[in-house]
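# Observations on the three-dimensional arrangement
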Amino acid sequence: MVSMTHDSAGAAGTSAELPVTRASAGIGLALASAVSFALSGALASPLLDSGWSAGAVVLVRIGLAALVVLPFGIAAVHGRWHLVRAAAPTIALYGVLAVAGAQFCYFSAVQTMEVGPALLIEYTAPAAVVAWLWLRHGQRPGPLTLAGAAVAALGLLLVLDLFSGADFDVVGAAWSLGAMVGAAAYFLISADDTTGLPPMAMAGGGLLVGGVALALLGLVGALPMRTATEAVTYAGLDVDWWVPLLLLGLVTAALAYVTGIAAARRLGSRLASFVALSEVVAAVLWAWALLGQLPSPVQFVGGALILVGVIGVKLGEPRLAAESAEVHG
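Throughout what follows, the structure given in this document is the object of discussion. Small disclaimer: the values here were computed from a predicted structure and weren't measured.

When you go through the protein residue by residue, the secondary structure sums to 13 helices and 2 strands. Summed over all atoms, the accessible surface of the protein reaches about 14100 Å², with 71% contributed by carbon and sulfur.

As structure tokens, this is what we get:
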């Protein structure tokens, strides 16, 4: 069985021992990852409207990212192939759950239900991370962590504007729960530095496995593969179909996964997962800029609450890390 991280902040020590520069770099990387991931929805939406299937968009996105990241990942290994062999189960789990599984489930969900509810269900992943660390590693969340989680959850409700009423679809909700499992696995496995693999190597291996998994699903007919060559429109500007695909592969996958793993190893899976909630805010802003979907004042308030929630989780980290050190002797 693959060993998940106990949410230490990597080889440098616990979250309580993190230098300010290391924590700041981790938060910066986490925000870069979140903003990059957030762009995918706005880029993919016109492609899906033009006739592309979700499976085809995801496969191209992951395939391009694997082609870009894998050579750098191989170089980062520096011939230490024993690390790759030892980490093979972790890489496989990351590729299947965190890469292929999360994206396949999410795009399947938004085909049968509204994007807002689907995102809300998927972004219960931080709560799942806290629950896993509590049940699996005995890291009981403190009052500040719980309060931060509650404030962030309220912020998500406001950002997604669900108080106006939204219809839930049972099938779509089930797919969203699958995406939540994939997202939680992403944060937990990304923060696991016990394998010794550099972030670039883990990202490259995971993208390769995820791309192969998606291709196999397409070959057996489980994942429809439809393409189109029509121009797509962003902010009133028509662009060729390959432009958003290139951005999906390079920015929303390659850059996003590499920076996400690097962030999780500096911050730990718990804090990294809560900082990643900013992806929802960024997604709203990208949709506004590229698709003309203007956020409401309530959504801006929700974004502020998410940031407050992240700060609460961060303030709760030092005490929790100290307790964990005592438990592990």
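The rest of the description comes next.
Right, let's talk about the packing of helix α8 (residues 170-190) against helix α10 (residues 242-267) for a bit. Closest axis-to-axis distance for the α8/α10 pair is 8 Å, and the angle between their directions is 60°. As the angle between them shows, α8 and α10 are arranged oblique. On the side of α8, the interface is formed by Tyr186, Phe187 and Ser190, while α10 contributes Ala256, Tyr257, Gly260, Ile261, Ala264 and Arg265. A per-class count over the contact of α8 with α10 returns 6 nonpolar, 2 polar and 1 charged.

Bringing the side chain of Ser190 into the picture now. Residue position: Ser190 is located in helix α8. On the accessibility criterion, Ser190 (1% relative accessible area) is buried. Those residues in contact with Ser190, other than ones at most four positions away along the chain, are Tyr94, Ala185, Ile261, Ala264 and Arg265.

This next bit is on the nonpolar core. Judged by nonpolar contacts, the single largest core of 87 residues is most densely connected at Leu47, Tyr94, Leu207 and Tyr257. Discounting chain neighbours no more than four positions away, the residues touching Tyr257 are Phe37, Ile62, Tyr94, Ala98, Val99, Gln103, Tyr186, Ala203 and Leu207.

Two numbers describe how helix α4 (residues 88-110) lies on α8: the axes approach to 7 Å, and their chain directions differ by 150°. What the angle tells us is that α4 and α8 run roughly antiparallel. As α4 packs across α8, the resulting crossing turns out to be left-handed. From α4, Thr90, Leu93, Tyr94, Leu97, Ala98, Ala102, Phe104, Cys105, Tyr106, Ser108 and Ala109 reach across to α8, where they touch Gly172, Trp175, Ser176, Gly178, Ala179, Gly182, Ala183, Ala185, Tyr186, Ile189 and Ser190.

In this section: helix α9 (residues 199-219). The end-to-end C-alpha distance of α9, which contains 21 residues, comes to 30 Å, matching closely the 30 Å that a straight helix rising 1.5 Å per residue would cover. If you check which residues of α9 are buried, you get Ala201, Met202, Ala203, Gly204, Gly205, Gly206, Leu207, Gly210, Gly211 and Leu214. Here the buried face of α9 lies against α2 (54-77), α4 and α10. Positive phi shows up at Gly221, right after α9, with a value of about 85°.

Looking now at α2. An α-helix turns once every 3.6 residues. As a result, residues three or four positions apart point the same way. The terminal C-alpha atoms of α2 lie 33 Å apart, and with 24 residues this matches the ideal 34 Å at 1.5 Å per residue to within 8%. In α2, a bend of some 35° at Val69 exceeds every other bend along the element, and Pro71, a proline, comes one to four places later. Within two residues after α2, His78 carries a phi angle of roughly 55°, on the positive side.

Considering the arrangement of structural elements, one finds Leu246 in helix α10. For Leu246, a relative accessible area of 37% translates into the label partly exposed. Between the C-alpha atom of Leu246 and that of Leu64, which follows or precedes it by 182 residues, the distance is 7.5 Å.

Aromatic ring pairs are defined here through the distance separating the ring centres and the angle between the ring planes. Applying the stated criterion to the full structure yields 8 aromatic pairs. A ring pair is formed by Tyr94 and Tyr186, whose centres lie 6.2 Å apart and whose planes are at 35°; its orientation type is tilted. On the criterion of sequence distance, the pair formed by Tyr94 in helix α4 and Tyr186 in helix α8 is long-range, its members being 92 residues apart. For the residue pair Tyr94 and Tyr186, the accessibility class agrees, reading buried in each case. Where Tyr94 meets Tyr257, the ring centres are 6.3 Å apart and the plane angle is 75°; that geometry is what we call edge-to-face. Of this pair, Tyr94 sits in helix α4 while Tyr257 is found in helix α10, placing the two residues 163 residues apart along the sequence. For Tyr94, a relative accessible area of 0% gives the class buried. The structure contains a cluster of three or more aromatic residues connected by ring pairs, namely Phe37, Tyr94, Tyr186, Phe187 and Tyr257.

Cut-offs used in this document
Residues numbered from 1 in each chain as written. Predicted model: local features only at pLDDT ≥ 70, side-chain atom pairs only at ≥ 80, totals over all residues. Heavy atoms only, no water. Helix = DSSP H or I, 4+ residues; strand = E, 2+ residues; numbered from the N terminus. Areas by Shrake-Rupley, 256 points an atom, 1.4 Å probe, with all protein chains shown as cover. Axes fitted to C-alpha atoms, helices over the stretch in contact; angles between N-to-C directions. Parallel < 35°, antiparallel > 145°, perpendicular 65-115°, else oblique. Contact = heavy atoms within 4.5 Å. Nonpolar A, V, L, I, M, F, W, Y, C, P; charged D, E, K, R; others polar. Buried < 20%, exposed > 50% of the residue type's maximum accessible area, 1.4 Å probe, protein only. Core = buried A, V, L, I, M, F, W, Y, C linked by side-chain atoms within 4.5 Å. Left-handed = near helix turned anticlockwise from the far one by under 90°. Expected span 1.5 Å × (residues − 1). Bend = angle between axes of the 7 residues up to and from the residue. Phe/Tyr/Trp six-rings, centres within 6.5 Å; stacked < 30°, edge-to-face > 60°.

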